[in-house]
Amino acid sequence: EAREPLRDVRGALRAVLVRLREGEPGEGREPFELPRFWDALGQTFQVTSQEATKLSLAFSRPPLPSAEDCQKLSEDVQKAILAVATVYYWLPKGQGTTLRKMVRDATTEVVEGMIQLTDAILNAPVESLSQEQLISTGGVWEACEQVSNLPRDNQAAVVSALAACLGVVKDAVEEMEHALVEGQDPYGDIMEDEELGFRGNRDTYWSEADRQLLSSCMGLMKASKACLKKVLAAVKSHGKADSPEQIAQLDDLADIANEISPSVDELALSMYPPVNPLAVRLNAAKLASVLKKVLEIAKTSHVCPPSEEGWVQFLTGAVDHNMNKVKNFTQGQL
């Protein structure tokens, strides 16, 4: 069968994908130049996009390519993907782990897209262009175009990572505020007892004591949002990726900021009735500790010149204040 070489290439691409996900780039012997890296990566993504088009067209109408042509197409696809992976491996750790993760994600997406395309061609009825094949071809194009949107250095990468965290936390805060609106039943939209017409079940609504405890938790959630907003603004204004130390400080900030949104989510989940005050206290303490760490790391880094110290102090105080209130409300439960 003419498509046989495609099976081999699919196996080879899967092996590349495994290596990309698990492997570590080398530290590179010659001096690394970021602009040269971006040029090369852009070119390999472009070539890959063109090879996907060629492959897809060859299998979109009769006559099917000969075994020889299919062999050539398969080799070109494999070459293009190996070039993409090779250029990714040029990027040394020292340029920043946040940047490298984003480049790796974009690279694996291109490889996954190409695997999907070869799958679609191998699974399609002979000599007909399947919907699946069209979608997969578009998927490769899209993945290859992403290279132009990638952050160009670690400062830009950390700005992008912090902005994503902030978006998630904002949504969580809004959702919780919405649920806590005075008198609103958190489960009103899902649990209606038609026979009784009302529910007197303590498990599905907040008592007055619950609401007092939760208002301090909301204070912590809002502090999380403010914290991310301020750190993001500081990284935008003062963040640099010129020295190994600056790059490492930015990575530390991104790593700890990544812990904020899961901690906010855990606290929010424990705030729904029936409220277990100890679980709430535990999750609040966990979030407070992550926020204090973020503020501490920001304060000692280059993104925090003296002009930024005011908000760091203010937010540290806000976190302590709300956490103390949570402790007071839950004291009787210990």
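As the structure is a prediction and not an experimental result, all values here were calculated from the model. (Residues numbered from 1 in each chain as written. Predicted model: local features only at pLDDT ≥ 70, side-chain atom pairs only at ≥ 80, totals over all residues. Heavy atoms only, no water.)

Colleague: How do you make sense of the pattern of salt bridges when you look at a structure like this?
Modeller: Any two side chains of opposite charge can pair, on the condition that their charged atoms come close. All told, the structure shown has 10 salt bridges when counted by the stated rule. Between Glu-4 and Arg-7 there is a salt bridge, with its nearest N and O atoms 3.3 Å apart. Pair noted here: Glu-4 and Arg-7 are both in helix α1 (residues 4-22), with a separation of three residues, about one helical turn. Overall, Arg-7 belongs to the partly exposed group, its relative accessible area being 33%. Put simply, Asp-105 and Lys-101 hold a salt bridge, and the shortest N to O gap is 2.9 Å. (Salt bridge = Lys/Arg side-chain N within 4 Å of Asp/Glu carboxyl O. Helix = DSSP H or I, 4+ residues; strand = E, 2+ residues; numbered from the N terminus. Buried < 20%, exposed > 50% of the residue type's maximum accessible area, 1.4 Å probe, protein only.)

Colleague: Explanation requested: unusual backbone geometry in the structure shown.
Modeller: Most of the time, phi is negative for any residue but glycine, and the peptide bond is trans. The omega angle of the peptide bond from Pro-62 to Pro-63 is -5°, so this bond is cis rather than trans. Looking at where Pro-63 falls in the secondary structure, it is placed in the loop between α2 (34-58) and α3 (67-90). Cis geometry marks the peptide bond from Pro-273 to Pro-274; its omega dihedral reads -5°. Checked against the element boundaries, Pro-274 lands in the loop between α9 (260-270) and α10 (277-299).

Colleague: Hey, could you run me through the domain arrangement of the protein chain in this one?
Modeller: The domains assigned to the protein chain are domain 1 (3-149) and domain 2 (154-184 + 200-330). Taken over C-alpha atoms, the centre of domain 1 sits 39 Å from the centre of domain 2. Contacts between the two partners involve seven residues from domain 1, matched on the other side by eight residues from domain 2. Interface area for domain 1 against domain 2, summed over the two sides, is near 550 Å², with a carbon-plus-sulfur share of 55%. Summed over the shared surface of domain 1 and domain 2, the number is zero salt bridges. (Domains from an automatic or database assignment. Contact = heavy atoms within 4.5 Å. Buried area = accessible area lost by both parts, 1.4 Å probe.)

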